Amino acid sequence: MKVREVMTRDPVCCVPEDSAQKVATMLRDQDIGSMPVVLDQSSRKLVGFITDRDLCCKVVAEGLDPATTKIDRVFSLNPVSCREGENVNGCEELMQRHQVRRIPVVDVEGCVMGVVSQADLALKEEPERVSRTLAEISRPVP
């Protein structure tokens with residue numbers, strides 16, 4: 001099975017200049033827990049990834065003002081990514097190795113085309129494979 005068969009296409013993306021509050025609102029409105037950060041909305045060139053946990057731990061818990069704090073201070077740079085034509089097994093291995101629950105899918109120029117989440121895999125893969133991936137992702141880092 002190929003990544004294109006399981007990925008969520010054309011995900012909502014944010015830009016580094018967006019405020020933490022704007023991104024939190026986007027996450028809430030889209031009912032998602034993370035999103036790609038792109039250089040700009042027209043190119044959709046991947047530069048990072050941000051999660052609701054990033055906003056909570058790096059903005060709210062630090063007492064920063066979400067309305068004025070730009071996400072360029074809190075998102076993860078250079079996230080692991082995959083291509084739509086790759087096998088899903090490789091994507092699962094990346095999730096396990098890097099202990100991430102979502103992976104952006106990019107084209108040859110590094111522009112966001114989709115996102116593969118743990119839930120996407122769970123809906124398409126064999127239960128035992130999903131269990132193994134979940135166990136590996138959830139493993140405490142020594």
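Predicted, not measured: the structure shown is a model, and the values here were computed from it.

**Student:** Describe the sheet that holds strand β2 (residues 34–38), and please don't skip the residues or the numbers.
**Tutor:** Two strands in a sheet stick together by hydrogen bonds in their backbones, pointing the same way (parallel) or opposite ways (antiparallel). Sheet architecture is open: three strands sit in the order β2-β3-β4, paired in antiparallel fashion. Where the open sheet ends on each side, the last strands, each with one partner, are β2 and β4 (76–77). Sheet topology note: the β2/strand β3 (residues 46–51) ladder contains five bridges and is antiparallel. Along β3, the bridge assignment pairs Pro36 with Phe49. Of the strands in this sheet, β3 and β4 touch helix α2 (residues 52–60), which is tilted by about 75° from β3.

**Student:** Got a sec to walk through the sheet that holds strand β5 (residues 102–106)? Specific residues and values, please.
**Tutor:** Read from one edge of the open sheet, three strands run β1-β6-β5, paired in antiparallel fashion. Whereas interior strands pair on both sides, the edge strands pair on one side only; in this sheet they are β1 (8–9) and β5. Pairing of β1 with strand β6 (residues 112–117) involves two bridges; the strand directions are antiparallel. Paired with Thr8 across the strands is Val115, a residue of β6. Set on the sheet, helix α3 (residues 88–98) makes contact with β5 and β6; between it and β5 the angle comes to about 135°.

**Student:** Explain the pairing of β6 to me, using residue names and the numbers behind them.
**Tutor:** With five of its six residues buried, β6 lies for the most part within the structure. Looking at chain direction, β5 and β6 are connected through five bridges and run antiparallel. Residue Arg102 lies in a different strand from β6, and its bridge partner there is Ser117. The antiparallel pairing of β5 with β6 creates a hairpin that spans five residues between the two strands, and Gly110 there sits at a positive phi of about 85°.

**Student:** How would you summarise the pattern of salt bridges if you had to cite specific residues and measurements?
**Tutor:** One pass over the structure, following the stated rule, counts five salt bridges. A salt bridge links Arg9 to Glu84; the shortest N-O distance between them is 3.9 Å. Linking Arg9 in strand β1 with Glu84 in the loop between β4 and α3, this pair joins segments that are 75 residues apart in sequence. Where Lys22 meets Asp18, a salt bridge forms, and the shortest distance between an N and an O atom there is 3.3 Å. Residue classification places Asp18 among the buried residues on the basis of a relative accessible area of 8%.

Basis of the calculations
- Residues numbered from 1 in each chain as written.
- Predicted model: local features only at pLDDT ≥ 70, side-chain atom pairs only at ≥ 80, totals over all residues.
- Heavy atoms only, no water.
- Pairing = 2+ DSSP bridges.
- Helix = DSSP H or I, 4+ residues; strand = E, 2+ residues; numbered from the N terminus.
- Contact = heavy atoms within 4.5 Å.
- Axes fitted to C-alpha atoms, helices over the stretch in contact; angles between N-to-C directions.
- Buried < 20%, exposed > 50% of the residue type's maximum accessible area, 1.4 Å probe, protein only.
- Salt bridge = Lys/Arg side-chain N within 4 Å of Asp/Glu carboxyl O.

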